[in-house]
Amino acid sequence: MIRKAVPLLLLALLAAGDDRLARHRNLGKAFFENPTTQAQAVAELQKALALQPESARERLNLGIAYLANGQTAEGIAGIERVQKQDPSLAHTWWNLGIQYKKAGEYEKAQRHLERFAKLVPREAVGHYNLGTLHKLANRAEQAIKAFETASVLDPNLAAAHFQLFNLYRQAGRREDSARQLQLFQKTKDA
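To start, this report covers the structure provided alongside it. (Residues numbered from 1 in each chain as written. Predicted model: local features only at pLDDT ≥ 70, side-chain atom pairs only at ≥ 80, totals over all residues. Heavy atoms only, no water.)

Another point: the overall build of the protein chain. When you go through the protein chain residue by residue, the secondary structure sums to 10 helices and 0 strands. Along its sequence from the N terminus, the protein chain presents helices and strands in the succession α-α-α-α-α-α-α-α-α-α. Scaling as 2.2 N^0.38, a compact globule of 190 residues should have a C-alpha radius of gyration of about 16 Å, whereas the protein chain reaches 22 Å, well beyond that. Over its C-alpha atoms, taken along the principal directions, the protein chain stretches across nearly 85 × 35 × 35 Å. Looking at the 190 residues of the protein chain, the share that counts as buried comes to 39%. Considering only residue pairs separated by 6 or more positions, the protein chain has 40% of its internal contacts joining residues 24 or more positions apart. Distance between charge centroids for the protein chain: 2 Å, based on 27 positive and 19 negative side chains. (Helix = DSSP H or I, 4+ residues; strand = E, 2+ residues; numbered from the N terminus. Rg over C-alpha atoms; globule rule 2.2 N^0.38 Å. Buried < 20%, exposed > 50% of the residue type's maximum accessible area, 1.4 Å probe, protein only. Contact = heavy atoms within 4.5 Å. Lys, Arg positive; Asp, Glu negative; His and termini not counted. Charge placed at Lys NZ, Arg CZ, Asp CG, Glu CD.)

Structure follows, in structure tokens:
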């Protein structure tokens, strides 16, 4: 009877740990959704990570919460650690790319967003953000290609049409420019 009780006790303890993990994770995500409770999100997600210290998922959630709470250095460090642990997680490349873009570190941002676009090639916002980086670096042809890809992947992404309108106009492509202006106005109004 004792032999059967030990595995059952272990299973009960593991289930209790899973319940605590789910509770901290869910509370962290709930607090994350409200801009006034970002610090509480960090606290709950720290507790979730403490329960599973090697979990890339928990570390990534915490890193993103740090960024939202204005703890940029902690967020970047945590997400970089996740990225080394599992480079196939697209969210690491996206979040770091956006952070580097915000910080004006455009080359780093571009490398990260390019990797994001390779991992998630059908995600329009990745291509759109690459287009903005190319535009900032005066690489008009690459910017056009990225914005065109974004507009094909998401025809309702008004910003891509607006960028194409301007770039085509600057390149002397009047018909293309006029078409993009119409698409921009149509998507903006919708």
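This structure, assessed with the given rule, holds 6 salt bridges. For Glu44, the salt bridge goes to Lys47, with nearest N and O atoms at 3.7 Å. Remark: Lys47 and Glu44 occur in helix H2 (residues 38–51); sequence separation between them is 3 residues, near one turn of the helix. With relative accessibility at 11%, the residue Glu44 sits in the buried group. Residue class for Lys47 comes out partly exposed when judged on its relative accessible area of 42%. One salt bridge in this structure joins Arg173 and Asp176, with 2.9 Å as the shortest N-O distance. (Salt bridge = Lys/Arg side-chain N within 4 Å of Asp/Glu carboxyl O.)

Tallied over the full model, the rule gives 4 aromatic pairs. On the basis of an interplanar angle of 45° and a centroid distance of 5.1 Å, the ring pair of Trp94 and Phe116 is categorised as tilted. Taken as a pair, Trp94 in helix H5 (residues 90–102) and Phe116 in helix H6 (residues 106–119) lie far apart in primary sequence, 22 residues in all. Look at Trp94 and you get partly exposed, because its relative accessible area is 21%. For Phe116, a relative accessible area of 6% puts it in the buried group. Ring centres of Phe162 and Phe165 lie 6.0 Å apart, and the angle between their planes is 45°; this geometry places the pair in the tilted category. Note that Phe162 and Phe165 are positioned in helix H9 (residues 158–170) at a spacing of 3 residues, about one turn of the helix. Note on Phe162: relative accessible area 33%, which makes it partly exposed. Taking relative accessible area as the criterion, Phe165 reaches 15% and is therefore assigned buried. Each residue in the set Phe162, Phe165 and Phe184 is aromatic and connected to the rest through ring pairs, giving one cluster. (Phe/Tyr/Trp six-rings, centres within 6.5 Å; stacked < 30°, edge-to-face > 60°.)

Moving on, we get to the nonpolar core. One finds Ile76, Ile79, Leu96, Tyr100, Leu113 and Leu130 to be the most contacted residues of the largest nonpolar core, which totals 15 residues. At the level of elements, helix H3 (56–68), helix H4 (72–85), H5, H6 and helix H7 (124–136) are the ones that each hand at least two residues to this core. Other than its neighbours up to four places away in sequence, Leu130 contacts Gln110, Leu113, Glu114, Ala117 and Ala146. In terms of nonpolar packing, the next biggest core, distinct from the first, is built from 11 residues, Leu157, Leu164, Leu167 and Tyr168 among them. (Core = buried A, V, L, I, M, F, W, Y, C linked by side-chain atoms within 4.5 Å.)

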